[in-house]
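The primary structure of each chain is shown beneath.
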Amino acid sequence: MNNKLKKLILVIFVGIVILIGSKFISKNLDIYDLQKYISSFGILAPIIYITMFSIVPLTFFPDSILAIASGLVFGFYKGYIYTTIGALIGGSIAFFIARYLGHNLVKKISNDKLSKIERLIDNNGFYIIFLLRLIPLFPFDVISYGAGLTSVKYKHFIGATLLGTIPGIAVFTNIGAKSVNISTTGFYTSIASLILLFIISIILKNKFLNKKIKEID
């Protein structure tokens, strides 16, 4: 299969997914709407959820809301597994869109943060992707697109994504799982974990990333 055919197939795929994804965005679904929608598919719910999470990079629907919904629907352990699978697939889709379709298309569907993310990753590879994944202050999808525009190897990208998303996915999925009963100690603990995650993120950003950002400016 030549490169032109690969690009044509990828463009068609992106177009179809955006059309499907816009259906969910236009509805302004909240967490409980998502819970009802996903649960309505019964035994197919895990597949539907993973598919929805996989297309997040093409719709820019908040992935944190989906992760919380997974905890509500599946509980912590299954929700974590399904969200991780969806995140890896979605991240890979964004990575290969950027790698094969290039800057022009990606910049149309991304934002002005892309250039700086791209330079950060190009200079530091696995380490920066891992660090960015640990910090929920940075958009998941922009990181994926930025990585695809660099020379970083896919195995390094997917490995750093798998390891770096562990804390964030665990925290958001746990919030969803504990939201079944918000009057419990477990729910308040999950909120405390979210606050701790953001505090650690700010520390990591100030201590490590700001230095790297200054180096490329």
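Before any of the text, the structure's been laid out above.
Quick summary incoming for the structure in this document. (Residues numbered from 1 in each chain as written. Predicted model: local features only at pLDDT ≥ 70, side-chain atom pairs only at ≥ 80, totals over all residues. Heavy atoms only, no water.)

**Considering the environment of V142**
Stated formally: Labels follow the DSSP assignment, with helices taken as runs of H or I lasting at least four residues and strands as runs of E lasting at least two, numbered in each case from the N terminus.
Here V142 lies in helix α9 (residues 140–148). Sequence-wise, V142 and F95 are 47 residues apart; in three dimensions their C-alpha atoms are separated by 9.6 Å.

**Structural notes on the packing of aromatic side chains**
Defined as follows: Only Phe, Tyr and Trp rings are paired, with Trp represented by its six-membered ring, and only when their centres lie within 6.5 Å; those with planes under 30 degrees apart are stacked, over 60 edge-to-face, the remainder tilted. Type-normalised accessible area, obtained with a 1.4 Å probe on protein chains alone, sets the label of each residue: buried when under 20%, exposed when over 50%, and partly exposed for intermediate values.
Within the structure shown, the criterion is met by 14 aromatic pairs. A centroid spacing of 4.9 Å and a plane angle of 35 degrees characterise the contact between F96 and Y154, whose relative ring orientation is tilted. On the criterion of sequence distance, the pair formed by F96 in helix α6 (residues 76–109) and Y154 in helix α10 (residues 154–164) is long-range, its members being 58 residues apart. Overall, Y154 belongs to the partly exposed group, its relative accessible area being 30%. Geometrically, the ring pair formed by F187 and Y188 is edge-to-face, given 5.8 Å between the ring centres and 70 degrees between the ring planes.

**Digging into the layout of surface pockets**
Rules: For each structure, a 1 Å grid was placed over the protein atoms alone; sets of points admitting a 1.4 Å probe that cannot get out are labelled cavities, open sets with protein on both sides within 12 Å along at least five of seven lines are labelled pockets, and lining residues have an atom within 4 Å of a point. Grid points are joined across faces, edges and corners, and a volume is the space filled by probe spheres set on the points. Under this grouping Gly is polar, as are all residues other than the nonpolar Ala, Val, Leu, Ile, Met, Phe, Trp, Tyr, Cys and Pro and the charged Asp, Glu, Lys and Arg.
By volume, the largest pocket is sized at about 320 Å³. If you go around the largest pocket, you meet 20 residues; those closest to its centre are D63, P136, F140, G168 and F172. Residue assignment for the lining of the largest pocket shows that the elements contributing at least two residues are α5 (63–74), α6, α8 (126–134), α9, α11 (166–178) and α12 (185–216). For the lining of the largest pocket, the per-class residue count stands at 14 nonpolar, four polar and two charged.

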